[in-house]
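Residue-level structural notes
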Amino acid sequence: MDALAWLYAHYSEDVYRFILFLSGDQAVAEDITSEVFLRVWDAPEPTRPATARAYLIAIARNLFLNEIRRRSRRTSLDERLVDAAPGPEPAAERNAALTEAQQALQQLPEADRAALLMRALHQLSYTEIGTALHLSPVAARVKVPRARLKLAHLKGSME
């Protein structure tokens, strides 16, 4: 349990931030962050500290993809039934520039978003990014700059 506490203390914010930017939804980010650490706790093998961050982010990404698949199978509610009352907004959305960046980020394909966030937020190596996304390190090295260019183009077209 001490190892799990150490992992949580050192990496929970990274995992949460990664999923928040990937999903754009604070509740999803909280749920997936919790689930990541539950899975690590139940894992038969201990997590190696040298690869912990990449391992946790890969788990988080897989859980996010599972959530997307689950949502696509659900039927949507009638518009009249949705509560129109504004909910609490995440602190990150208070900043207009960050909101704009998040909106542009959401328009990127999921793999591009994930690669960009792994590199920009978590400074993962291209080898770690490639492993998490099932790409070669060379492909990961190409994907990140291309994703940055796409994001810059999207932000420019939103203005």
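To be clear, the structure that these remarks concern was listed above.
Residues numbered from 1 in each chain as written. Predicted model: local features only at pLDDT ≥ 70, side-chain atom pairs only at ≥ 80, totals over all residues. Heavy atoms only, no water.

1. Points about the packing of aromatic side chains
- Tallied over the entire structure, the rule returns two aromatic pairs.
- Relative to tyrosine 11, the ring of tryptophan 6 lies with its centre 6.0 Å away and its plane at 80°, an arrangement referred to as edge-to-face.
- A relative accessible area of 38% means that tryptophan 6 is categorised as partly exposed.
- Here the aromatic rings of tyrosine 8 and phenylalanine 37 are separated by 5.0 Å at their centres, their planes lie at 75°, and the arrangement is edge-to-face. Of this pair, tyrosine 8 sits in helix α1 (residues 2-23) while phenylalanine 37 sits in helix α2 (residues 26-42), placing them 29 residues apart in sequence. (Phe/Tyr/Trp six-rings, centres within 6.5 Å; stacked < 30°, edge-to-face > 60°. Buried < 20%, exposed > 50% of the residue type's maximum accessible area, 1.4 Å probe, protein only. Helix = DSSP H or I, 4+ residues; strand = E, 2+ residues; numbered from the N terminus.)

2. Quick notes on the nonpolar core
- One finds Phe18, Ile19, Ile32, Val36, Phe37, Met118 and Ile129 to be the most contacted residues of the largest nonpolar core, which totals 43 residues.
- Broken down by element, this core gets its largest block of residues, 10 residues, from helix α3 (residues 52-73).
- Discounting chain neighbours no more than four positions away, the residues touching phenylalanine 18 are Ile57, Ala60, Arg61, Ala114, Leu117, Met118, Leu121 and His122. (Core = buried A, V, L, I, M, F, W, Y, C linked by side-chain atoms within 4.5 Å. Contact = heavy atoms within 4.5 Å.)

3. Here's the deal with the side chain of histidine 122
- Tracing the chain through its elements places histidine 122 in the loop between α5 (110-120) and α6 (126-133).
- On the basis of relative accessible area, histidine 122 is assigned to the buried category, the value being 0%.
- Not counting residues up to four positions away in its chain, the partners in contact with histidine 122 are Asp14, Val15, Phe18, Arg53, Ile57 and Leu117.

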